[in-house]
There are 2 protein chains.
Amino acid sequence: MRRALLIGIGAGGLDQLTVEAVAAINDADVFLVAAKNRGVDDLETLRKAILRRHRAATDYRVIKVPDPERDRDPTDYGAAVRDWHEARAAAYESVIAAEVPEGGTCAFLVWGDPSLYDSTIRVVERIRTRGNLELEYEVLPGVSSVQLLAARHRLVLNRIGGPITITTGRGLARDVAAGADNIVVMLDKDLAAAALPGDWDIYWGANLGTPDEELVAGRLSKVLEDIHAARERAASARGWVMDTYLIRRA
Amino acid sequence: MRRALLIGIGAGGLDQLTVEAVAAINDADVFLVAAKNRGVDDLETLRKAILRRHRAATDYRVIKVPDPERDRDPTDYGAAVRDWHEARAAAYESVIAAEVPEGGTCAFLVWGDPSLYDSTIRVVERIRTRGNLELEYEVLPGVSSVQLLAARHRLVLNRIGGPITITTGRGLARDVAAGADNIVVMLDKDLAAAALPGDWDIYWGANLGTPDEELVAGRLSKVLEDIHAARERAASARGWVMDTYLIRRA
């Protein structure tokens with residue numbers, strides 16, 4: 001039996017993980033990191049910096065797991081994501097079998113919170129379903145970019161008595177058509193909100209928690225240019241942009 | 001000019017606050033605590049335990065602010081909540097003016113995360129709007145009970161590509177009628193989900209993060225009795241119950 005810890009490390013730099021996440025980091029032998037090839041090496045650097053800062057003993061290993069290619073423009077989105085999870089599960093399974101001893105503990109440092117648009121829980125469940133490896137696991141929650149966005153704008157996400165919808169850029173038009181009018185959007189590199197009919201207020205952020213964090217707020221139609229300019233600054237500062245925003249019907 | 005720190009302390013006991021929240025706790029002179037009269041003294045005890053554990057110097061004060069009465073069954077819910085915020089703002093304003101010196105820093109230890117169905121940001125904004133007191137403030141995000149629920153059930157809150165609705169017990173029927181089918185419900189002491197038509201899966205938790213935490217998961221119609229029994233155990237163990245759950249159309 002091996003053990004995995006899925007540790008939410010927050011979305012705000014080196015110190016936004018919880019005290020219990022720090023304890024979990026000190027409880028693991030091996031850290032598994034997806035080796036992506038999409039210019040987000042910053043996140044790998046951040047994970048290593050978190051380990052240097054919060055891991056007391058130096059007897060740990062960081063192992064990169066090559067991330068399977070993913071079809072970014074599939075005809076069947078759900079099937080493509082499931083295929084990718086399966087490929088990831090196979091990759092992690094073989095690394096865990098080879099690198100984590102029986103009785104050992106490996107950890108995934110999950111950016112933000114593992115429960116929100118993150119694949120780690122699904123991949124670990126897939127490894128268990130495959131049945132080649134006995135793997136127990138535990139999830140430690142972290143602060144998500146949604147909460148960091150709200151904190152930076154000093155926003156309450158809900159209107160009094162009202163609901164919050166959390167969705168992706170891909171799902172935004174569908175959810176607005178269904179009546180959502182107070183919406184947090186994640187994973188939207190194309191600012192899908194710009195194409196919505198009607199008047200909206202936006203509270204936007206990119207690269208939250210980095211030294212080059214960008215924030216813009218206002219009537220969407222009036223701040224679109226500010227957002228595009230801020231995205232360009234973020235991209236040229238760090239080589240990547242991660243957007244999160246709240247829109248609310250005006 | 002005075003300063004306020006709105007510090008999310010997480011929903012999971014003494015160590016679920018972030019390292020940066022610990023630093024903020026060590027940066028404040030006065031801690032303001034709402035003196036409620038509704039059997040949730042546990043939360044006050046927890047806040048004091050967090051201070052004992054994470055505050056290095058002992059030169060701090062904890063000041064109870066009597067919490068205004070709130071109409072729990074109003075004809076106009078929004079207006080009643082706004083009146084209550086105004087009364088709270090007046091109460092905090094006078095305590096801050098009397099107890100926090102010019103240039104001093106006070107802090108609110110907010111259970112969970114300040115951006116989610118919490119009134120602290122609105123009350124502080126109200127104090128600023130009233131204009132009697134110059135008050136700067138900063139929000140530090142925390143892990144919410146939503147994320148702790150997900151971690152305990154090892155859930156990803158979204159289905160692949162799908163949205164998440166977060167709402168209250170009061171708003172649930174309205175949001176389901178509007179088409180929501182993957183819903184986190186907070187502040188629902190009457191388990192409004194039990195009255196919904198159709199088949200639902202539920203992932204339920206109460207008093208998360210306490211030693212008497214309760215978890216139930218399954219087809220809603222089959223686990224209703226388990227949930228009622230678990231609520232009674234939680235209530236008799238601690239004198240109060242706080243529920244959070246995810247329901248997903250089966």
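Treat the numbers as computed from the prediction; the structure is a model and nothing was measured.

Let's shift gears to the domain arrangement of chain A. Residue and element names in this part refer to chain A. The domain boundaries assigned to chain A delineate domain 1 (2-140) and domain 2 (145-249). On a C-alpha basis, the centres of domain 1 and domain 2 stand 27 Å from each other. On the domain 2 side, the residues contacting the 13 residues of domain 1 number 15 residues. Interface area for domain 1 against domain 2, summed over the two sides, is near 1100 Å², with a carbon-plus-sulfur share of 63%. At the junction of domain 1 with domain 2, the criterion picks out 0 salt bridges. For the interface between domain 1 and domain 2, the tally reads 1 residue pair in polar contact (both at pLDDT 80 or more). Broken down by class, the residue content of the side of domain 1 that touches domain 2 amounts to 7 nonpolar, 4 polar and 2 charged.

Let us look at the relation of the copies chain A and chain B. Overlaying chain A with chain B gives an RMSD of 0.0 Å, the required rotation being 180° about an axis along which the chain moves by 0.0 Å. Interpreted geometrically, this transformation is the action of a two-fold axis. Residue Thr18 of chain A of chain A places its C-alpha closer to the rotation axis than any other residue of that unit, at 1.9 Å. By residue overlap, the copies meet face to face through one surface: 100% of the interface positions of chain A are interface positions in chain B.

Attention now moves to the pairing of strand 7 (residues 182-186) of chain B. Residue and element names in this part refer to chain B. With respect to burial, strand 7 is a largely interior element, 5 of its 5 residues being buried. Side chains of strand 7 alternate between two faces, with Asn182, Val184 and Met186 and Ile183 and Val185 buried alike. Sheet topology places strand 6 (residues 164-168) next to strand 7; 4 bridges connect them, and they run parallel. Each bridged residue has a counterpart across the sheet, and for Thr167 the counterpart in strand 7 is Val185. In this view, the connection linking strand 6 to its parallel neighbour strand 7 by way of helix 6 (residues 172-177) has right-handed handedness. In this sheet, strand 10 (residues 243-249) lies alongside strand 7 in antiparallel orientation, the contact comprising 5 bridges. Its bridge partner being in strand 10, Asn182 is matched across the sheet by Arg248.

Residues and elements named next belong to chain A. For helix 7 (residues 220-238), built from 19 residues, the straight-helix expectation of 27 Å at 1.5 Å per residue is met to within 8% by its first-to-last C-alpha distance of 25 Å. The axis of helix 7 is deflected most strongly, by about 25°, at Asp226. What helix 7 keeps buried is the set Leu220, Val223, Ile227, Ala230, Arg231 and Ala234. In this structure, the buried residues of helix 7 make contact with strand 8 (200-206), strand 9 (214-219) and strand 10 (243-249). Of the residues flanking the end of helix 7, it is Gly239, one or two places downstream, whose phi is positive at about 85°.

Taken residue by residue, the interface counts 52 residues in chain A and 52 residues in chain B. Both sides together, the interface formed by chain A and chain B hides about 4100 Å², and carbon and sulfur atoms give 58% of it. Seen at the junction of chain A and chain B, the total is 2 salt bridges. A salt bridge links Glu136 of chain B to Arg154 of chain A; the shortest N-O distance between them is 3.7 Å. Taken together, chain A and chain B are joined by 25 residue pairs in polar contact (both at pLDDT 80 or more). For the side of chain A that touches chain B, the elements supplying multiple residues, two or more each, are helix 1 (19-25), helix 3 (77-99), helix 4 (120-130), strand 5 (135-140), helix 5 (145-153), strand 6 (164-168) and helix 6 (172-177) of chain A.

The sheet built from 10 strands is open, its strands ordered 9(A)-8(A)-10(A)-7(A)-6(A)-6(B)-7(B)-10(B)-8(B)-9(B) with mixed pairing. Two strands in the sheet have a free side with no partner beyond their single neighbour: strand 9 of chain A together with strand 9 (214-219) of chain B. Adjacent strand axes in the sheet meet at a mean angle of 15°, parallel and antiparallel pairs treated alike. Sitting on the sheet, helix 7 of chain A is in contact with strand 8, strand 9 and strand 10 of chain A, with an inclination near 170° to strand 9 of chain A. In the packing of helix 7 (residues 220-238) of chain B onto the sheet, the strands contacted are strand 8 (200-206), strand 9 and strand 10 of chain B, and the crossing angle to strand 9 of chain B comes to about 170°.

Reading guide: rules and limits
Numbers given for residues are sequential positions, taken from 1 along each chain in its written order. Here the convention is simple: chains get letters from A, ligands get numbers from 1, in the order in which they are written. Selection of residues for local features in this predicted model requires a pLDDT of at least 70, selection of side-chain atom pairs for listing and counting requires 80 or more, and totals for whole chains, interfaces and linings are taken over all residues. No hydrogens and no water enter the side-chain calculation; it runs on all heavy atoms of the structure. Residue ranges for the domains originate in an automatic or database domain assignment. Contact between two residues is taken to exist if any of their heavy atoms lie within 4.5 Å; hydrogens are not considered. What gets called buried area is simply the loss in accessible area from a 1.4 Å probe that two parts show on being joined, summed for both. We count a salt bridge whenever a side-chain nitrogen from Lys or Arg sits within 4 Å of a carboxyl oxygen from Asp or Glu. We define a polar contact as two N or O atoms separated by no more than 3.5 Å, with the added condition that, inside protein, one atom must be a possible hydrogen donor and the other a possible acceptor, whereas residues neighbouring each other in sequence contribute only through side-chain atom pairs. For this classification, the nonpolar set comprises Ala, Val, Leu, Ile, Met, Phe, Trp, Tyr, Cys and Pro, the charged set comprises Asp, Glu, Lys and Arg, and every other residue, Gly included, is treated as polar. For this overlay, a least-squares fit was computed on C-alpha atoms, restricted to residues scoring pLDDT of at least 70 in both copies. For each residue, the accessible area found with a 1.4 Å probe, counting protein chains only, is set against the maximum for its type, and the residue is called buried under 20%, exposed over 50%, and partly exposed in between. By definition, any uninterrupted DSSP run of H or I lasting at least four residues is a helix, any uninterrupted run of E lasting at least two residues is a strand, and each is numbered from the N terminus. Any two strands with at least two DSSP bridges between them are considered paired. Orienting the strands away from the viewer, one traces the path from the first strand over the helix to the second; a clockwise path indicates a right-handed crossover. In this analysis, the expected span of each helix is defined as 1.5 Å times one less than the number of residues it contains. Given a residue, its bend is the angle between the two axes fitted to the seven residues that end at it and to the seven that start from it. Angles shown run from 0 to 180 degrees and are taken between the N-to-C directions of axes, each axis being a line fitted to C-alpha atoms and, for helices, limited to the stretch in contact.

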